[in-house]
Amino acid sequence: MHHTLIVFLLLLFLPTGYVQVIEDEEPVPVYHTGDNIAWAAKGFNDKNWNTSRSETDEGIFWSRTHLLLRPVDNNRRPLGLQIGSFGTFDVYWDGVLIGSNGVLPYGHRPEQPGTECSIFIVPDSLTSPGAHIVAMRMSQAYLPDVHRSIGFKMEKYTSLLTLPLITMSYMNLMAGAFLIASLYYFFLYFNSKHRQVDIMIFATICLLFFCLLIMEYLKFHMVIPYPQFYIRLEIIGWLTFTIALLIPWYFTIQFHFKWKLWLLGLLLGVLLGLYYFNYGNYDLTAKLYSLVMLIASFMVVINGIIQKEKGGYIVFIGLLASAMVNEYLFYDYSLFISFTLIVLCMLYLHAIRASSIESEHQEALVLSSRLQLELLKKNIQPHFLRNTLTSMMDWVEESPKEGARFIQALSAEFDIMNSISEQTLIPIRQEIELCRQHLSVMEFRKEIRFEWKEYGIDDAQLIPPAVLHTLLENGITHSIPLQGNRIVFKLTYTTGPGYRQYVFDTFAENRPVLTGREGGNGFKYIRARLTESYGQNWTLHSAATAAGWSSTIKILDR
Amino acid sequence: MNILIIEDEARIAKRLQRMTAGFFGNKPTEIIICDSLQKGLSHISSKPVDLLLLDLNLNGDNGFEVLELMVSASFHTIIVSANTDKAITAFAYGVLDFVPKPFDQDRLFRALGRFLAPAIKTHEDIKYLAVKTAGQVKLISITEVMYIKGAGIYTELHLKNGRQELHDKSLELLEQLLPVSFQRIHRSYIVNMEYAEKILVQPGSRYGVSLKNEEILPVGRSKYKELRNKTL
């Protein structure tokens, strides 16, 4: 593990910290159009050759590059020569053919294009310290107008082959993580009841990032002929472009950024501008994209910190780290590492949100069980139970027959309470039955004639348990009977466009309020029950009327 | 005898009325039922009342808010309530008894018996005496009371801080409510023994109690022996 870590770190810093085999910083090739095998020789005088290639069309041309080699330890041998170049070519090292990239045109046979990066083994006998010559017999039948210089690198042959693969393996590790994250969040998005845009964006970012990593190392998976070289860069460019747009968008959602559309519009404009003005300059464009993305993200996150949003500081630090990496590390990796840091920040934000959603859910569960308890308590709270029992005692002593009826009425009310106590919604009929049983119990206690009237009840409707029952209790408690010692309750059900409602009227004289009422708990219970089942889609109005009291519960369609 | 029942449960009110009437039997008794605090209060302010039977939770009104007012009045209050957890508080305020619902005849008779026999002391601890001053009811901790002096139909509470408060209850009614540390030493005096220092025997067989603040209260001849026995 340690070992691999060291190798990885070494890879990161290799370009700056390692003594190169080729002494020249940037060896300059010279060109000559035409074809002569003598041009491969080490001793050939190329003084009058050009440093730029003339128009060669589909024809053969030659390039010669002088390389100065440093002394090389035996353990760095055999040396390999890595050539980064457009076109198709045969390579001669000090006049000796060491390999070819693609197949050069021959007679009527057209060119079979080579790939941009090729590696050749150089015999140990030819790599003594000092001056050497790489001569290339070339053609560039495709994209003949593209003038790319030729890049050389020398290193131990096996290292040239394996080091990029080791890098790729680490990058693939990262890519795999992003692929899994992407799939997970896509599943999450498509399977959740309340689909959230930010989850979709996050999943997309992970997927694009996976694609970006794969595209970056595509050359190790397949041979890309040089004519198709730019397609890959173009794809990478657009992937970076999209990611640079999506990441700030994601942050605007997470941090409730107020000027979201303005910022995203501006961002899109700047990114398009960068694409247009730097067309063809792929590395620079990608670097500028990520810079713009960082600036936009910083704006959103700093605003988030000012707004005291959760996770603001952590993300700010993450962005800062990402910016540092972007600035100070070697480009090829820095982009990915800085992106990874940002995606980690996003993942962290998700974790925060998930945990807050979980605690909300827990609270909802706690609320539900509290409401359940409250419902059960209605019948065992001392005021109800002890007053009922006292009246019952009296009835039993005075008139056992009536007493027995009273006990039956109470037991029927208990039965209904019991059967509804664990539900969050019950059939309206059951609720009405509960109310009527309660009235018959209260008739024995209060010796008032209670009348129940109902209009327009739709038996198919559901209602949270004991909501009407609570309104009824209030009506009994706070009313003075009408003439004839009676109180009338009326339940009316109506529907309208987008809503259905219950109006519960009490026809009686309202008792004057004397002390600070302990009440209000009843309404709290009703509100909590309505919220539990209907979220925000309900209203409750309760007020005195000329005839008594009227409460309206309106349930809005979603 | 005027008895007021404040109870919003019609059946229970009738039960109280029936049993109370039965208890007092052939004594001329008027029993009034009020089904709300408001009616009860207006009745109290206009008619004389000797005993109040009060429910604490009426039509959603909190009876406790008027309990202070009731116990500051000249009559005894018996609470008849479902809120049994409030019993200790009710006694602390100075009610004669707390009858928990559901109640039978025996339990109610016991409470009414106390009313008829002032010698029976309440066993629960009264903690406050409620007095009306300037239209407001104020609770005075009984540990602040040094002695109580009868003054016609009122009583004067003499407090540790030197101030005096008038209480509407007679010396007899207060004696019944107060704990044993309060001793009747004279026709017109109840003393808090916590503040008594020594018993004085003065020339001419006159007795007295000196208090910590050097005040001397007279001790009735008949009470002297009782007092000596208790303090010895």
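Computed from a predicted model, the values in this text were never measured in an experiment.

Rules used throughout
Residues numbered from 1 in each chain as written. Chains lettered and ligands numbered in written order. Predicted model: local features only at pLDDT ≥ 70, side-chain atom pairs only at ≥ 80, totals over all residues. Helix = DSSP H or I, 4+ residues; strand = E, 2+ residues; numbered from the N terminus. Buried ≥ 20, exposed ≤ 12 C-beta atoms within 10 Å, placed from the backbone. Contact = placed C-beta atoms within 7 Å. UniProt positions renumbered as here; feature names shortened; annotations may be inferred. Core = buried A, V, L, I, M, F, W, Y, C linked by C-beta atoms within 7 Å. Domains from an automatic or database assignment. Pairing = 2+ DSSP bridges. Axes fitted to C-alpha atoms, helices over the stretch in contact; angles between N-to-C directions. pLDDT = per-residue confidence, 0-100. Expected span 1.5 Å × (residues − 1). Arc of directions from axis to C-beta. Parallel < 35°, antiparallel > 145°, perpendicular 65-115°, else oblique. Left-handed = near helix turned anticlockwise from the far one by under 90°. Nonpolar A, V, L, I, M, F, W, Y, C, P; charged D, E, K, R; others polar.

### Brief notes about the overall build of chain A
Here comes step 1: On a plain count of helices and strands, chain A comes out with 13 helices and 17 strands.
Here comes step 2: By the burial criterion, 32% of the 558 residues in chain A qualify as buried.
Here comes step 3: At a minimum sequence separation of 6, the contacts of chain A that also span at least 24 residues come to 73%.

### Describing the overall build of chain B
Here comes step 1: For chain B, the count of helices and strands is seven helices and 17 strands.
Here comes step 2: Buried residues in chain B amount to 41% of all 232 residues.
Here comes step 3: For chain B, restricting intrachain contacts to residue pairs at least 6 apart in sequence, the fraction spanning at least 24 positions comes to 50%.

### Re the UniProt feature "modified residue: 4-aspartylphosphate" (unreviewed entry) in chain B
Residue and element names in this part refer to chain B.
Here comes step 1: Per the UniProt record, "modified residue: 4-aspartylphosphate" (unreviewed entry) is annotated on Asp55.
Here comes step 2: Along the chain, the position of Asp55 falls in the loop between β3 (51-54) and β4 (57-58).
Here comes step 3: Residue Asp55 is classed as buried on the basis of its 27 C-beta neighbours within 10 Å.

### What to know about the nonpolar core
Here comes step 1: One finds Leu52, Ile78, Ile79, Val95 and Ile190 of chain B to be the most contacted residues of the largest nonpolar core, which totals 62 residues.
Here comes step 2: For this core, the two domains that each supply at least three residues are domain 1 (2-116) and domain 2 (128-231) of chain B.
Here comes step 3: Sequence-distant contacts of Val95 of chain B, that is, excluding residues within four places in its chain, are made with Val71, Thr77, Ile78, Ile79 and Ala90 of chain B.
Here comes step 4: Grouped together as the second largest cluster of nonpolar side chains are 49 residues, Phe257, Leu288, Val300 and Leu335 of chain A included.

### Side note on the sheet that holds strand β5 (residues 96-101) of chain A
Residues and elements named next belong to chain A.
Here comes step 1: In space, the five strands of this open sheet follow the order β1-β2-β7-β4-β5, with antiparallel pairing throughout. The open sheet has two edge strands with one neighbour each: β1 (30-33) and β5. Neighbouring strand axes in the sheet, compared pairwise and without regard to direction, differ in orientation by 20° on average.
Here comes step 2: Relative to strand β7 (residues 130-139), strand β4 (residues 88-93) runs antiparallel, the two sharing six bridges. Residue Asp90 lies in a different strand from β7, and its bridge partner there is Arg137.

### Topic: the confidence of the model for chain A
Here comes step 1: With 95% of its residues at a pLDDT of 70 or more, chain A has an overall mean of 87.
Here comes step 2: Across residues 13-17 of chain A, confidence stays below pLDDT 50; counting only partners more than four residues off in sequence or on other chains, it has one contact.

### Regarding the sheet that holds strand β17 (residues 548-556) of chain A
All names here are of chain A.
Here comes step 1: Strand order in the open sheet formed by five strands is β10-β13-β14-β17-β16, with mixed pairing between adjacent strands. With one partner strand each, in any of the chains shown, β10 (449-455) and β16 (538-545) form the two edges of the open sheet. Strand-to-strand twist across the sheet, computed as the mean angle between neighbouring axes with direction ignored, equals 10°.
Here comes step 2: Each of β16 and β17 is contacted by helix α13 (residues 521-534), which is oriented at about 155° to β16, the strand it contacts most.

### Some points on the pairing of strand β8 (residues 128-133) of chain B
Residues and elements named next belong to chain B.
Here comes step 1: Across six bridges, β8 lies against strand β9 (residues 136-141) in antiparallel orientation. Bridge pairing in β9 places Ala130 opposite Leu139.
Here comes step 2: Turn length for the β8-β9 hairpin, with the two strands adjacent in sequence and antiparallel, is two residues, and the turn residue Ala134 shows positive phi of about 50°.

### Re the UniProt feature "transmembrane region" (unreviewed entry) in chain A
Residues and elements named next belong to chain A.
Here comes step 1: Per the UniProt record, "transmembrane region" (unreviewed entry) is annotated on residues 170-190, 197-215, 235-252, 259-277, 289-306, 313-329 and 335-352.
Here comes step 2: Along residues 197-215 the backbone is 100% helical and 0% strand, and the end-to-end C-alpha distance reaches 26 Å.
Here comes step 3: When the span residues 289-306 is considered, its composition is 100% helix and 0% strand, and the gap between its end C-alpha atoms is 26 Å.

### A closer look at helix α5 (residues 260-277) of chain A
Residue and element names in this part refer to chain A.
Here comes step 1: Between its first and last C-alpha atoms α5 spans 26 Å; for 18 residues at 1.5 Å apiece the expected length is 26 Å, and the two agree.
Here comes step 2: Every buried residue of α5 is accounted for by Leu267, Leu271 and Leu274. Angularly, the buried residues of α5 cover 60° about the axis, an arc narrow enough to put them on a single face. Exposed positions of α5 whose direction lies more than 90 degrees from the buried face are Leu261, Trp262, Gly265, Gly269, Leu272, Gly273, Tyr276 and Phe277.

### Remarks on the pairing of strand β2 (residues 60-69) of chain A
Residues and elements named next belong to chain A.
Here comes step 1: In terms of burial, β2 is a largely internal element, eight of the ten residues being buried.
Here comes step 2: Note that β1 and β2 share four bridges and pair antiparallel. Pairing of His32 across the sheet is with Trp62, part of β2.
Here comes step 3: Relative to β7, β2 runs antiparallel, the two being bridged by ten bridges. What sits directly across from Leu67, in β7, is His132.

### Some details on unusual backbone geometry
Here comes step 1: A cis amide bond, omega -5°, links Arg77 of chain A with the succeeding residue Pro78 of chain A.
Here comes step 2: Tracing the sequence through the fold places Pro78 of chain A in the loop between β2 and β3 (79-84).
Here comes step 3: Between Lys101 of chain B and Pro102 of chain B the backbone carries a cis peptide bond, its omega angle lying at -5°.
Here comes step 4: With respect to the element layout, Pro102 of chain B can be found in the loop between β7 (97-100) and α5 (105-116).
Here comes step 5: Backbone geometry places Leu143 of chain A, a non-glycine residue, at a positive phi of 45°.
Here comes step 6: By the element assignment, Leu143 of chain A lies in the loop between β7 and β8 (151-156).
Here comes step 7: For Leu143 of chain A, a count of 16 C-beta atoms within 10 Å corresponds to the partly exposed category.
Here comes step 8: Here the phi dihedral of Glu447 of chain A falls at roughly 55°; this positive angle occurs in a residue that is not glycine.
Here comes step 9: With respect to the helices and strands, Glu447 of chain A occurs in the loop between α11 (428-446) and β10.

### Considerations on the environment of Met200 of chain A
Residues and elements named next belong to chain A.
Here comes step 1: For Met200, the position within the fold is in helix α3 (residues 197-216).
Here comes step 2: For Met200, a count of 17 C-beta atoms within 10 Å translates into the label partly exposed.
Here comes step 3: Taking C-alpha positions, Met200 is 8.8 Å from Leu188, a pair spaced twelve residues apart along the chain.

### Here we look at the packing of helix α1 (residues 10-24) of chain B against α5 of chain B
Residues and elements named next belong to chain B.
Here comes step 1: Close contact between α1 and α5 brings their axes to 10 Å; oriented N to C, the two are set at 55°. Taken together, α1 and α5 sit at an angle that is classed as oblique. The interaxial crossing formed by α1 with α5 has right-handed handedness. Here α1 contributes Met19, Thr20 and Phe23 to the contact with α5, which in turn contributes Gln105, Leu108, Phe109 and Leu112.
Here comes step 2: Within the contact of α1 with α5, the residues separate by chemical class into five nonpolar, two polar and no charged.

### Points about the packing of helix α9 (residues 382-398) of chain A against α1 of chain B
Here comes step 1: Two elements in contact, α9 of chain A and α1 of chain B, have axes whose closest approach is 9 Å; the angle formed by their N-to-C orientations is 55°. Classified by the interaxial angle, the pair formed by α9 of chain A and α1 of chain B is oblique. At the point where α9 of chain A passes α1 of chain B, the crossing takes the left-handed sense. Contacts from Asn387, Thr390, Ser391 and Asp394 of chain A in α9 of chain A reach Arg11, Ile12 and Arg15 of chain B in α1 of chain B.
Here comes step 2: Partitioning the contact of α9 of chain A with α1 of chain B into residue classes produces one nonpolar, three polar and three charged.

### Quick look at the confidence of the model for chain B
Here comes step 1: On average, residues of chain B score 86 in pLDDT, and 96% of them are at 70 or above.
Here comes step 2: Confidence metrics for the complex model read pTM 0.62 and ipTM 0.86.

### Considering the environment of Gln105 of chain B
Here comes step 1: Tracing the backbone shows Gln105 of chain B in helix α5.
Here comes step 2: C-alpha separation for the pair Gln105 of chain B and Arg18 of chain B, spaced 87 residues apart in sequence, amounts to 9.9 Å.

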